[in-house]
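# A look at the structure
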Protein chains: 2
Amino acid sequence: MIKVVAKNYIKADKVDEFIVLAKKLVQETVQKDAGCIRYELFQDISNPQVLTIIEEWENKDLLDLHMSAKHFKEIVPLFGGFTERPGETNLYQKLV
Amino acid sequence: MIKVVAKNYIKADKVDEFIVLAKKLVQETVQKDAGCIRYELFQDISNPQVLTIIEEWENKDLLDLHMSAKHFKEIVPLFGGFTERPGETNLYQKLV
């Protein structure tokens, strides 16, 4: 299993638009992408501009396949217009 | 539900020691703390010095109670001696 934490810092006036698009990405991914165990959108409770997608994938190959899917390639490049500063994405293995 | 992502940047020569202690924290928390839905330790697959605990709690009150538990107060302050630079902890609400 691979865990992904993709953290985004969104401009205050773009938060609502980002959420609409990110929800679409979640829905398409959960419906269509093989190997997706969990794919969820979160908002920091003390800073609404921090929006993070937390994912679980069966393996790295299926995660790579997700990143080449039509919905990923259409939606994720649009996020660049909404960000205040670069985000961080970590890929993790579970230790315990 | 509250999601917590607690990311730590650990000194290279302290990674093994950190993992031993963090595993103890995970085990004690899962066994003893009310309201704990998930509490898991992850290591970045490209940078083993990035070690992150990802948690799910029934609510904020039970998360606060966890942070006042004996095992939390004994183990977490020790992490300070292992870190290369300050980590980040985010508390999240789930949007979708």
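Before going further, it helps to examine the environment of Gln43 of chain B. Structurally, Gln43 of chain B can be placed in strand 2 (residues 36-44). Every residue in contact with Gln43 of chain B, bar those within four places of it in the chain, is listed here: Tyr92, Gln93 and Leu95 of chain A together with Pro48 and Leu51 of chain B.

By size, the foremost hydrophobic cluster in this structure holds 13 residues, and its most contacted members are Ile10, Phe18, Ala22, Val26, Leu41, Leu51 and Ile53 of chain A. Elements with a contribution of two residues or more to this core: helix 1 (15-32), strand 2 (36-44) and strand 3 (50-57) of chain A. What Ala22 of chain A contacts, discounting residues up to four positions off in sequence, is Leu41, Leu51 and Ile53 of chain A. Judged by nonpolar contacts, the second largest core, of twelve residues, contains Ala22, Phe42, Val50 and Phe82 of chain B.

One closed barrel holds the eight strands; their spatial order is 1(A)-3(A)-2(A)-4(B)-1(B)-3(B)-2(B)-4(A), and the pairing between them is antiparallel. Between one strand axis and the next, the sheet turns by 30° as a mean value, whatever way the strands run. Where helix 2 (residues 60-67) of chain B meets the sheet, its contacts fall on strand 1 (2-10), strand 2 and strand 3 (50-57) of chain B, and the angle it forms with strand 1 of chain B comes to roughly 35°.

What follows deals with the interface of chain B and chain A. Counting residues at the interface gives 21 residues for chain B, matched by 21 residues for chain A. Sorting the residues of the side of chain B that touches chain A by element identifies strand 1, helix 1 (15-32), strand 2, strand 3 and strand 4 (83-94) of chain B as the ones contributing at least two each. The class makeup of the residues in the side of chain B that touches chain A is eleven nonpolar, five polar and five charged.

The rules behind these values
Residues numbered from 1 in each chain as written. Chains lettered and ligands numbered in written order. Predicted model: local features only at pLDDT ≥ 70, side-chain atom pairs only at ≥ 80, totals over all residues. Helix = DSSP H or I, 4+ residues; strand = E, 2+ residues; numbered from the N terminus. Contact = placed C-beta atoms within 7 Å. Core = buried A, V, L, I, M, F, W, Y, C linked by C-beta atoms within 7 Å. Buried ≥ 20, exposed ≤ 12 C-beta atoms within 10 Å, placed from the backbone. Pairing = 2+ DSSP bridges. Axes fitted to C-alpha atoms, helices over the stretch in contact; angles between N-to-C directions. Nonpolar A, V, L, I, M, F, W, Y, C, P; charged D, E, K, R; others polar.

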